[in-house]
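Now for the letters of each chain:
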Number of protein chains: 2
Amino acid sequence: METQNKTATIKGGEFLIKETNPQDVFIPAEFSEEQRMMAQTCLDFVREEVNPLLDRLDNHEEGLMEGLMKRAGELGLFAVSMPEQYGGLNMDFNTSLLVTESVGGGHSFPVAFAAHTGIGMLPILYFGTEEQKQKYLPKLTSGEWAAAYCLTEPGSGSDALAAKTKAVLNAEGTHYILNGQKMWITNAGFADVFIVFAQVDGDKFTGFIVERDYPGLSLGNEEHKMGIKGSSTRQVFFSDCQVPKENVLGEIGKGHLIAFNILNIGRIKLCAATLGAAKKVIDLSVKYANERHQFKLPISKFGAIRHKLAEQAIRIYAVESALYRCGMDIYRKEQELLAAGKGENEAMLGAAREFAVECAILKVEGSEVLDYVVDEGVQIYGGYGFSADYPMDRAYRDSRINRIFEGTNEINRMLTVDMILKKAMNGELDLMGPAQAVQQELMAIPDFGSEEEGLFAAEHKAIRNLKKAILMVAGTAVQKYMASLAKEQEILMNIADMAIKTYVAESTLLRVEKLVGMRGEEAVANQIDMVRVVVNDATDIAFKAGKEAIAAMAEGDEQRLLFMGLKRFTKKDLYNTKEARRRIATAMIEANEFVY
Amino acid sequence: METQNKTATIKGGEFLIKETNPQDVFIPAEFSEEQRMMAQTCLDFVREEVNPLLDRLDNHEEGLMEGLMKRAGELGLFAVSMPEQYGGLNMDFNTSLLVTESVGGGHSFPVAFAAHTGIGMLPILYFGTEEQKQKYLPKLTSGEWAAAYCLTEPGSGSDALAAKTKAVLNAEGTHYILNGQKMWITNAGFADVFIVFAQVDGDKFTGFIVERDYPGLSLGNEEHKMGIKGSSTRQVFFSDCQVPKENVLGEIGKGHLIAFNILNIGRIKLCAATLGAAKKVIDLSVKYANERHQFKLPISKFGAIRHKLAEQAIRIYAVESALYRCGMDIYRKEQELLAAGKGENEAMLGAAREFAVECAILKVEGSEVLDYVVDEGVQIYGGYGFSADYPMDRAYRDSRINRIFEGTNEINRMLTVDMILKKAMNGELDLMGPAQAVQQELMAIPDFGSEEEGLFAAEHKAIRNLKKAILMVAGTAVQKYMASLAKEQEILMNIADMAIKTYVAESTLLRVEKLVGMRGEEAVANQIDMVRVVVNDATDIAFKAGKEAIAAMAEGDEQRLLFMGLKRFTKKDLYNTKEARRRIATAMIEANEFVY
Ligand SMILES: Cc1cc2nc3c(=O)[nH]c(=O)nc-3n(C[C@H](O)[C@H](O)[C@H](O)COP(=O)(O)OP(=O)(O)OC[C@H]3O[C@@H](n4cnc5c(N)ncnc54)[C@H](O)[C@@H]3O)c2cc1C
Ligand SMILES: Cc1cc2nc3c(=O)[nH]c(=O)nc-3n(C[C@H](O)[C@H](O)[C@H](O)COP(=O)(O)OP(=O)(O)OC[C@H]3O[C@@H](n4cnc5c(N)ncnc54)[C@H](O)[C@@H]3O)c2cc1C
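Source: prediction; values computed, not measured. (Residues numbered from 1 in each chain as written. Chains lettered and ligands numbered in written order. Predicted model: local features only at pLDDT ≥ 70, side-chain atom pairs only at ≥ 80, totals over all residues. Heavy atoms only, no water.)

Residue and element names in this part refer to chain B. Between its first and last C-alpha, helix 11 (residues 356–381) extends 37 Å over 26 residues, near the 38 Å set by a 1.5 Å rise per residue. Of all 26 residues in helix 11, 25 are buried; the element is thus mostly enclosed. Positive phi shows up at G382, right after helix 11, with a value of about 60°. (Helix = DSSP H or I, 4+ residues; strand = E, 2+ residues; numbered from the N terminus. Expected span 1.5 Å × (residues − 1). Buried < 20%, exposed > 50% of the residue type's maximum accessible area, 1.4 Å probe, protein only.)

Here you go:
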């Protein structure tokens, strides 16, 4: 990775208006030996130490998850993105994503892991005072202590800032007195340190570091959940809980900065975890399909099953392409900010904030890919998919939470569009120019000019056109609704879907194009198939979403013009996805595992 | 219902080539007072006696489900479609569907109910000797005894006829000796009577009635399942199990007739049960969305949530339209066969067999609508959707089995197309004529002739065109692949999707058209919206499926021609589905319940 370019080549959200050179994206084939070893350590840990305990973990056997977390700490898994002075390894961002991916197949474990290393530890790292860091980070990094993050309350989830927990400075001026109730707190059962958000003096939303032993903190019972039963989830009650003044995290009234900044990183990491989970499930799916015979054949011989296996693979490959592309973009931005003299924390947070749009996109896509993959996994297993003695049941139940936490997918879809538009408004992103160009193109006679050549000429054109379609639809929406666009959530969802599919498809294209350069066409023929399927299907989804938005926004001549534009921008030659999927599936079926 | 037409107005599968007059479809608004009372009895039973026990049922509390089943028997719920001489009420087919729907919200209960009244009792009713009927049916009808159905084995599920359980006549010629193992047997834990399929003399697939007490029958432990945990599911072992010769069911070697004929009825009933479950879930969804506040508003105010509520309602309404339309078509066919001198059993089985295509369609659509509805239910509940203390968790887990049993949805999709083509081949259905007409239309200049008028002119045209698209794609597939079409499962899936969406959309259109005639446009304005959304979205899905099939089947000029045809047949004016969905949702939100 050291050989990578260290200046940002693209800004956050800019994929909508800019073409990226394949040489400028990071692709998983470029992971270093060291990174691969780190990943292998995680995979081994999950296979050898976590997976044998899944049933017992789900039964909340006393101390079991806590013990696993300590083991993971000993192995250095919590150290990846921590600075060396706190016992960390200070590795780059994509390594931390790769580690998260690599524990992702561990069911409840990655949830505990993410709550600890992400939303638990990072607020202290990025917003803590030096004293706070020295006190907490080494113990959290080594796994001696565990962390939890208390934002949600019974009455406030999506609207996190509406939290009611109160904090009042005592008369002596030494302690904040916390009163209130937090809900759904992961790791609560064994956490030593809680990051807690409360309103100081009624409305100053503020973060606190609260230790388990502080008087006035108590826990509810373990929640009964659909899945990730092995992760501890409890209510946390504060009843005149005394928190030393020194444990205020960041500034009074600036708690939202902590909450929102940490969420950006949380979202891209959630995508990494879902990727790891999905890879495990597809591997099981391939093996089962080869093993299970019906009608005298392994069911992997049936086209219906090949379709599922291929589609699992394609979606996994696509989201993986987007994940590590974005991870590297964040890393480069971080390096750029460091070079410009920013502090380490500021650089990392600034970099993640820059790519907040992409982080939201990845959260949505990762969680939905996983849900697709597990759903087909269940179906491939047939009746055995519904049995708790086979692995798909747990995978299906565990996966469902990912569309709900770290911001529901509805909230993340709306944020995707909202953040893009805000960037345009404050001049960070020049959407207006390109949007106007598209408007003009709409009025002009279509240019059937000379076609480009090259392996992926059609796909590049398709992606360029998808971006035009987005600009056309989003531009119209902005013009029509102005400030009240936020009330047109359905249209925002349409635009978000277009943007998500475009980002992911483009990332897949760039990855495979780079790969072709490295290995030659023949070696990556199936990956080339994948690009074509992904672009084909992204175009179909964008067409449908765009059509819905246009029908909702415009009538008469305007509608006709826009719809004509949409059709022009989503026009593509037909592509035989059936044969492509068969080829993609066959390679896995022959290898009896996920091979991409 | 007595006032209904008693001659069949359409043949099975004929919806593909024939237009139906709205007056000829049965719609739920026509249920009689008596039928509604029957439904209410079931709804009350589920609400008062089943639902308070759900947790305990899921914990397999000894005797609890058995007791509920006995209660249901006392209330007459098993008697609906039984003839009077066996203690039944001999009600018509749609009443039995309505009863199944009305218990459908009872989670594990409808599964036990369906196994008992459907696959458990019906084989005896339709294939038993008079002695067998007299011995078993009155006790099964009253609920004194419970029934189970043993077809699946560890190695044979979809390929049911590959069962390995053996039956050999003993030397004395008095008993068949059964050896083998059945898997996933619903009600096994408390059933008194088992319908068992076994191979006589190696390969004569044959049904048997086996009583629990016969020597050599034993049970496995309760399976651990993802959902419907309250239903008993066990293995059933036969070890030199002695079954009196008199207990052979039907003819030796003709067991497949029992299995397949019963499945037709099982599939449409499964659709009814999923409909009932879905109605319960949408009701909860509406109420929760009204109750839950975020950002100072009930979440039902947000467009994203309204979209979900509306889409839940639309899909439920659409599949309900198709369900009872088909139920009445089966009833009429039954009456027609009776009038033509067939016996009662033959008439009922013949009628269900006639509409086997529609039964498979309903099985797929019902189970997929329910899975959509519960998935959005979970999402609407947010974190609480993932909690086992709230209702969505159970609904989500319980629903998933429906895409697996009674034939997986893959098998049912393929059967849909397969059965249509068989009907065409053996002359039951004249597909060739209409298919050729479509081919000719393809070559001709499009006829922009005078547009029809009327409220639903555009929708009728769209449905007519969808049928043409299906004929075009299916016709091409048959020509191309001939006998090897079965190997092109992906294309069969595409055609099945087109057929399913067309049947359901047409049924919705016909229902609402009839309703407009009864109540006037104004009273059913939202239902009119639903028709337009359903037709709009069915067209989009058919376009995508047709495109995939064409890309897989044809190249060059032929592809261009077919694709042009597809575009022509799926051309529609844009429709503002956003506003339609808002209207549809608003009525429910205001009433705080499902109102359609
Ligand atoms: C197992 C589990 C573990 C968790 N771990 C933690 C943790 O460690 N720490 C923590 O602080 N929290 C945690 N959470 C809480 C989680 O982040 C919230 O559940 C999530 O943010 C959703 O909030 P909610 O449940 O209140 O749903 P709500 O906000 O009530 O949402 C309900 C529905 O309304 C929609 N909605 C809400 N607002 C809008 C809007 N403005 N427009 C359109 N739609 C809207 C949502 O998308 C959703 O569909 C956890 C939750 C679970 C279930
Ligand atoms: C809770 C539960 C209750 C049940 N109750 C009963 C009962 O009371 N009585 C009873 O007899 N059975 C019962 N079953 C069994 C049920 O009917 C079977 O599970 C179902 O038929 C699927 O068979 P299978 O599980 O063997 O899956 P398989 O047949 O092994 O199918 C595995 C996958 O392969 C696909 N597949 C199989 N063949 C083909 C093909 N030719 N082409 C393409 N794809 C194919 C399937 O669609 C599926 O995706 C029950 C099952 C469950 C889980």
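That was the structure; now back to the text.
Counted under the stated rule, the structure contains 104 salt bridges over all chains. When the shortest N-O distance is used, the salt bridge between E488 of chain A and R582 of chain B registers 3.8 Å. Linking E488 of chain A in the loop between helix 15 (457–481) and helix 16 (489–519) with R582 of chain B in helix 19 (residues 577–591), this pair reaches from one chain into another. Taken as a pair, E488 of chain A and R582 of chain B share a single burial class, namely buried. The partner of D393 of chain B in a salt bridge is R397 of chain B, and the shortest N-O contact between them spans 2.9 Å. Of this pair, D393 of chain B and R397 of chain B both sit in helix 12 (residues 391–399), four residues apart, which is roughly one turn of that helix. (Salt bridge = Lys/Arg side-chain N within 4 Å of Asp/Glu carboxyl O.)

It is worth spelling out the site of ligand 2 at this point. If you check the shell around ligand 2, you find 28 residues, and the closest are R292, Q379 and G383 of chain A together with S158 and W184 of chain B. At the site occupied by ligand 2, the surrounding residues belong to chains A and B. At 2.7 Å, a side-chain N or O of T408 of chain B approaches an oxygen atom of ligand 2. Coverage of ligand 2 by the protein amounts to 95% of the 970 Å² it exposes when considered alone. Looking at the shell around ligand 2, the elements that each hand over two or more residues are helix 11 (356–381) of chain A together with strand 3 (175–186) and helix 13 (409–425) of chain B. (Near = heavy atom within 4 Å. Polar contact = N/O pair within 3.5 Å; in protein donor to acceptor, adjacent residues only side chain to side chain. Areas by Shrake-Rupley, 256 points an atom, 1.4 Å probe, with all protein chains shown as cover.)

Let us now look at the pairing of strand 7 (residues 233–244) of chain A. Residue and element names in this part refer to chain A. Alignment of strand 3 (residues 175–186) against strand 7, held across nine bridges, turns out to be antiparallel. Note on strand 7: the bridge partner recorded for K182 is V236. Pairing analysis gives three bridges linking strand 6 (residues 217–219) to strand 7, with the strands arranged antiparallel. Paired with L219 across the strands is V236, a residue of strand 7. (Pairing = 2+ DSSP bridges.)

The next subject is the site of ligand 1. In the vicinity of ligand 1 there are 28 residues, among which S158, W184 and T408 of chain A together with R292 and Q379 of chain B approach most closely. Around ligand 1, the neighbouring residues derive from chains A and B rather than from a single chain. Between ligand 1 and the protein, one listed contact pairs an oxygen atom with a backbone N or O atom of G383 of chain B at 2.7 Å. Contact with the protein chains covers 95% of the free accessible surface of ligand 1, which is 970 Å². For the shell around ligand 1, the elements supplying multiple residues, two or more each, are strand 3 and helix 13 (409–425) of chain A together with helix 11 of chain B. Looking at the shell around ligand 1 residue by residue, the class counts come to 15 nonpolar, ten polar and three charged. (Nonpolar A, V, L, I, M, F, W, Y, C, P; charged D, E, K, R; others polar.)

This part covers the UniProt feature "domain: Acyl-CoA dehydrogenase/oxidase C-terminal" (unreviewed entry) in chain A. In this structure's numbering, the residues bearing the UniProt feature "domain: Acyl-CoA dehydrogenase/oxidase C-terminal" (unreviewed entry) are residues 253–416 of chain A. Helix makes up 78% of residues 253–416 of chain A and strand 2%, and the two end C-alpha atoms of the span are 26 Å apart. (UniProt positions renumbered as here; feature names shortened; annotations may be inferred.)

Our focus in this paragraph is the packing of helix 9 (residues 303–339) of chain A against helix 17 (residues 525–553) of chain A. Residue and element names in this part refer to chain A. Contact geometry of helix 9 with helix 17 gives a least axis separation of 10 Å together with a crossing angle of 85°. Taken together, the axes of helix 9 and helix 17 are roughly perpendicular relative to one another. Residues E311, A313, I314, Y317 and A318 of helix 9 lie in contact with helix 17, whose contacting residues are Q527, M530, V533, V534 and D537. Broken down by class, the residue content of the contact of helix 9 with helix 17 amounts to seven nonpolar, one polar and two charged. (Axes fitted to C-alpha atoms, helices over the stretch in contact; angles between N-to-C directions. Parallel < 35°, antiparallel > 145°, perpendicular 65-115°, else oblique. Contact = heavy atoms within 4.5 Å.)

Quick look at the relation of the copies chain A and chain B now. Once chain A is rotated about the relating axis by 180° and shifted along it by 0.0 Å, it coincides with chain B to within an RMSD of 0.0 Å. With respect to symmetry, the two chain copies, as superposed, fit the operation of a two-fold axis. For chain A, the smallest separation between a C-alpha atom and the rotation axis is recorded for R397 of chain A, amounting to 3.9 Å. With an isologous cut-off of 70% or more, the 100% of interface residues of chain A that recur at the interface of chain B puts this contact in the isologous class. (Least-squares fit on C-alpha atoms with pLDDT ≥ 70 in both.)

Taken as a whole and assessed by the stated rule, the structure comprises 34 aromatic pairs over all chains. Judged by centre distance (6.1 Å) and plane angle (75°), the ring pair of F594 of chain B and Y596 of chain B falls under edge-to-face. Following the ring pairs from residue to residue traces out a cluster consisting of Y288, Y381, Y384 and Y390 of chain A together with W184 of chain B. We note R511 of chain A situated over the ring of Y317 of chain A; from NZ or CZ to the ring centre the distance is 3.7 Å. Stacked on the ring of Y372 of chain B, the Lys or Arg R315 of chain B has its end atom at 3.7 Å from the ring centre. (Phe/Tyr/Trp six-rings, centres within 6.5 Å; stacked < 30°, edge-to-face > 60°. Lys NZ or Arg CZ within 6 Å of the ring centre and 35° of its normal.)

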